[in-house]
Every structure is written in C-alpha cells, then in structure tokens.
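Chain residues, written in single-letter form:
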Amino acid sequence: MLHKFSYKRAATLQEAVTASARPDAHILAGGTDLLGCLRDEVFTASTVVSLNGLKEIKGISARPGGGLRIGALTTLTEIAENKKLLADYPVLAQAAASAASPQLRNQGTLGGNLCQRPRCWYFRGNFPCFRRGGDLCSAMDGENEYHAIFGGDPCFMVHPSDTAPALVALDAKVTIAGPKGPRTIPLASFYVLPKDDFLKETVLAPGEVVTEILLGPAPAGSKSVYRKVRERGAFDFAVTGAAIVVTLAARKVSGARIVLSGVAPAPWRSEAAEKAILGKPLDAAAITVAAEAAVKGASPLARNGYKIALVKGVIEEILTAMA
Ligand SMILES: Cc1cc2nc3c(=O)[nH]c(=O)nc-3n(C[C@H](O)[C@H](O)[C@H](O)COP(=O)(O)OP(=O)(O)OC[C@H]3O[C@@H](n4cnc5c(N)ncnc54)[C@H](O)[C@@H]3O)c2cc1C
C-alpha cells in the first residue's frame, strides 16, 4: 500500500535541498526505484521531492579543459546512446546499456541509479534486516546465493548499480549540493561499507542532492569495458561483473583500474589485480595473475562460492579481449 506523503516539485536546486532536508523526505528522479520501495512499504516518506523541473542537472556536456559533465537527471538511455561516451568512455555506455530494461532505462536517471536502494530480498521483504531497524543480516545464514563475497560483514547486500563500478573505474567525481553548499568528491568515496555504517549506503546527508558526475579527459591509448554476468539475458541485476579501464603505452600497461560489481556492498576496486598487470605486457601470464589476485581475500557465504570463479572468468575474458 502506498502511504500518504506530501509532494514537492522543486523549482530550484535550493528548494530541492531545503525540502529534502526535512525528516523522512525522499528525492524523486525517475521514480523507478523509489516508488516501488514506497508501494512495497520497504520504507515510508513524509515528503517526496521531485527534481524533474531542474533543467540544469539534465544532459551531457563537454567540460572546459576536457572531459564530460553528466547531469544527475540524465537518463540511462541517453548515456547508453551518447556518441562521445561510446567513443571515449565505452565502459560507462556499456554499463548503462546493461542496466534494467529499455523502459526502465528511458525513465531511470544516473543519479537514481547511483543512489538506488539495495535489492537484497531480506531488505525488500519483511525481515528484521539491519537496514530496516532490525538486528541481523538474514543473508548470513540464509538464502545468500546473490550476496557479497567481499566487504560484507555485518550486512551482505551487494550494490545493485551497473553504472557505479564503471564510473569508479573511470575515476569519476560526483558533485553534491547540500545545506552547507556544494562539494565534489571521488565517486569511490561516495559509498559506505556496512562495517562503517550499516544504515547508510552512501555519504549523502539529509538535504544532499547529487547534481552531476564529472569525467576527466580519457587518456590516450585507453581501452575500457564493462562485462556483466546475469542469470538471464533479459533485464537482470549483475551476479558478478567487472568494469576495467586500461591504458597501454609501448605495448605495456601504464594505467589500470579494475572494479567489480555484484560482489560487495559497494563497487569493489581490486588494486591487487591492477598491480598484477601494471608495467607489464597484457599477456596470458599477467592476466592469470590478475584474475587470481582479484579474488584474494574473498569470504564467500554458504551458497555464493561460485562467484569466485565468475570474478576470475570475467577479468580474464575482458583483459584477454583488450590484449
Ligand atoms: C525490474 C528492475 C530491474 C533493474 N535492473 C537493474 C540493473 O540490471 N542494473 C542497474 O544498475 N539497475 C537496475 N535497476 C535499477 C534501475 O536502474 C534504477 O531503478 C534506476 O536507475 C533509478 O533511477 P531513478 O531515476 O528512477 O531513481 P529514483 O527511483 O527516482 O530514485 C532512486 C533512489 O535514489 C535517490 N535519488 C535519486 N536521484 C537522486 C539524486 N540526484 N540525489 C540524491 N538521491 C537521489 C532517491 O531518493 C531514491 O532513494 C532495475 C530496476 C528495476 C525496477
């Protein structure tokens, strides 16, 4: 049942900040996640604050000095089809194209995709989940085939976004408007692990609104790919995936960022895998070492050990294709 809430369509960013600072206010972008959560009573809202009148946070534009600015209200379809992204940052266009279904991509926005709530069935169902004020993570000893193998304790949800790992691999920054003014931080620092605070998935405080994502210029010689493994070919969340950005100079790897999806409560960067290929030719030996390094430290639960082989396979597949 959808509980009553007041609705505010913000005419300015400042209005959005002020209205969303109210207790129990929630921001509405495309509504593809928020409205489902409210209807299913995953949580309630006193106020729903729509950003949809804010033209200044829509669209993709060039930044002075190179790189791109993507407004938070840009749809996933716009990102998947943008020619500049397809040419220079394919990892992001591929990630956006792999998310959800065509209808959801037409409606869902980048800001909403980055801030969507967990898809864990214990969070979405009626269970005493930590994130809903409960006192345990039922996934730990329960139906945990889709849950985290890294960074899980005490909550084993996996971050559902496909665009987030791609953007972390691109070392993107996120600008956040808020009651204290705007701040810009690396997207890699935007997500909060359960060990630090299991009530929050992001660093957003009340009244804070994601306004834009900033990409630096794509380095010459860089290649990037997002590969997602899902249970069915139609719309589905990642069981495991990887966003990889590699720069090659004189046939050796001069830069690498490897970020996993579907395996942790936040996009999971594997610096060990990056180190395994840095400074080396991208050959079979280095790729095997990188794939092994990526799964070091994984702590699978009773039913999700299969993700270890998937992580290795996805990394090997992407790097081999890049080579
Ligand atoms: C059936 C189904 C399948 C899906 N499959 C995938 C998938 O495979 N991969 C994937 O990545 N996603 C998937 N999704 C999620 C989908 O991509 C998201 O629902 C969508 O991107 C959210 O965007 P939105 O604009 O509709 O967000 P909304 O629903 O409007 O908002 C989502 C959340 O983000 C907050 N929020 C929105 N915008 C901002 C902002 N600018 N600043 C701060 N907070 C904000 C809202 O308050 C809310 O909590 C799926 C969703 C469904 C329903």
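For the structure itself, consult the block above.
Residues numbered from 1 in each chain as written. Predicted model: local features only at pLDDT ≥ 70, side-chain atom pairs only at ≥ 80, totals over all residues. Heavy atoms only, no water.

**Re the pattern of salt bridges**
It is possible for side chains bearing opposite charge to pair when their charged atoms get close. Taken as a whole, this structure holds 16 salt bridges when the rule is applied. The salt bridge involving E212 is made with R69; its shortest N-O contact spans 2.6 Å. Of this pair, E212 sits in strand β8 (residues 209–215) while R69 sits in strand β5 (residues 68–71), and the two are 143 residues apart along the sequence. D236 is the partner of R232 in a salt bridge, and the nearest nitrogen-oxygen pair spans 3.6 Å. R232 sits in the partly exposed class, given a relative accessible area of 42%. You can call D236 partly exposed: its relative accessible area is 22%. (Salt bridge = Lys/Arg side-chain N within 4 Å of Asp/Glu carboxyl O. Helix = DSSP H or I, 4+ residues; strand = E, 2+ residues; numbered from the N terminus. Buried < 20%, exposed > 50% of the residue type's maximum accessible area, 1.4 Å probe, protein only.)

**Points about the sheet that holds strand β12 (residues 268–269)**
Taking strand neighbours across the sheet as the criterion, the 4 strands line up as β9-β10-β11-β12 in an open arrangement whose pairing is antiparallel. Both outer strands of the open sheet, β9 (222–229) and β12, are each paired with one neighbouring strand and no more. Inspection of the sheet shows β9 paired to strand β10 (residues 240–249) by 8 bridges, in the antiparallel sense. By the bridge assignment for β10, V229 is matched with T240. Sitting on the sheet, helix α5 (residues 90–98) is in contact with β9 and β10, with an inclination near 20° to β9. In this fold helix α12 (residues 306–322) packs onto β9, β10 and β11 (252–261), with an angle of close to 30° to the strand it touches most, β10. (Pairing = 2+ DSSP bridges. Contact = heavy atoms within 4.5 Å. Axes fitted to C-alpha atoms, helices over the stretch in contact; angles between N-to-C directions.)

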